[in-house]
Amino acid sequence: LPPAFVDAGEVVVMATTLEVVLAEEWARVGGDAARRLYLRRALQRDIANALSIQRDRVSIESLESGRGGMEVRVVVSLLPDPFGDGMSPFELAKALTHQANYVTSNLRGAPSTRHALHARLIIGPKHSIRQIPSAAD
């Protein structure tokens, strides 16, 4: 958020990023540009539906082949609710990692994510939280 909308010293959650691993053959679901575009859109829809949030709060950052082409690694960023009413990105990430472990979850019941093996949080300088400096800094 722009500094005008945030109190000094407040911690702002910008986005939380995770990796979701799917047991899918890369050549079948991501082997060409058209398939990757379709997969990105399906993943965004299915993850948003699994978390009961708007699609624009889910950003598919990258798709990569893993384990010799037998897995698809998806990097997903979960964004804050624009109105500040919904769950935080970190809370959504916890819910998504939990759903990835349960076959009967909404995530595992969706077409593009039914073969989810696991999800894990990615912590890095461009991800998670940003500290807004206080007026004294």
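This text follows the structure it describes.
Residues numbered from 1 in each chain as written. Predicted model: local features only at pLDDT ≥ 70, side-chain atom pairs only at ≥ 80, totals over all residues. Heavy atoms only, no water.

A. Representation of the nonpolar core in the model. Formed by 26 residues in total, the largest nonpolar core has its most connected members in V20, I47, V58, I60, V74, V76 and L78. Elements supplying a minimum of two residues to this core: β1 (11–22), α1 (26–30), α2 (33–51), β2 (58–66), β3 (71–78), α3 (89–100) and β4 (116–122). It is α2 that provides the largest number of residues to this core, a total of six residues. In this structure, V74 is in contact with L18, E19, V20, L22, L43, I60, S62 and L63, ignoring residues within four places of it in sequence. (Core = buried A, V, L, I, M, F, W, Y, C linked by side-chain atoms within 4.5 Å. Buried < 20%, exposed > 50% of the residue type's maximum accessible area, 1.4 Å probe, protein only. Helix = DSSP H or I, 4+ residues; strand = E, 2+ residues; numbered from the N terminus. Contact = heavy atoms within 4.5 Å.)

B. Inspection of the side chain of T17 at higher detail. Inspection of the secondary structure assignment puts T17 in strand β1. Overall, T17 belongs to the buried group, its relative accessible area being 2%. Within the structure, T17 has its side chain in polar contact with the side chain of S77 (distance 2.9 Å). (Polar contact = N/O pair within 3.5 Å; in protein donor to acceptor, adjacent residues only side chain to side chain.)

C. Representation of unusual backbone geometry in the model. Within the chain, S52 stands out as a residue other than glycine whose phi angle is a positive 55°. As for its position among the elements, S52 is in the loop between α2 and β2. A positive phi angle, close to 45°, is found at R67, a residue other than glycine. Within the secondary structure layout, R67 lies in the loop between β2 and β3. A relative accessible area of 66% places R67 in the exposed class.

D. Structural detail: the pattern of salt bridges. With the rule as written, the count across this model stands at eight salt bridges. R73 is the partner of E19 in a salt bridge, and the nearest nitrogen-oxygen pair spans 3.5 Å. Residue E19 is found in strand β1, and its partner R73 is found in strand β3; the two are separated by 54 residues along the sequence. Under the relative-accessibility criterion, E19 is labelled buried at 10%. For R73, a relative accessible area of 23% corresponds to the partly exposed category. Where R120 meets E19, a salt bridge forms, and the shortest distance between an N and an O atom there is 3.1 Å. Of the two residues, R120 is situated in strand β4 and E19 in strand β1; the sequence distance between them amounts to 101 residues. Taken together, the shared-partner salt bridges in this structure form one network comprising E19, R67, E71, R73 and R120. (Salt bridge = Lys/Arg side-chain N within 4 Å of Asp/Glu carboxyl O.)

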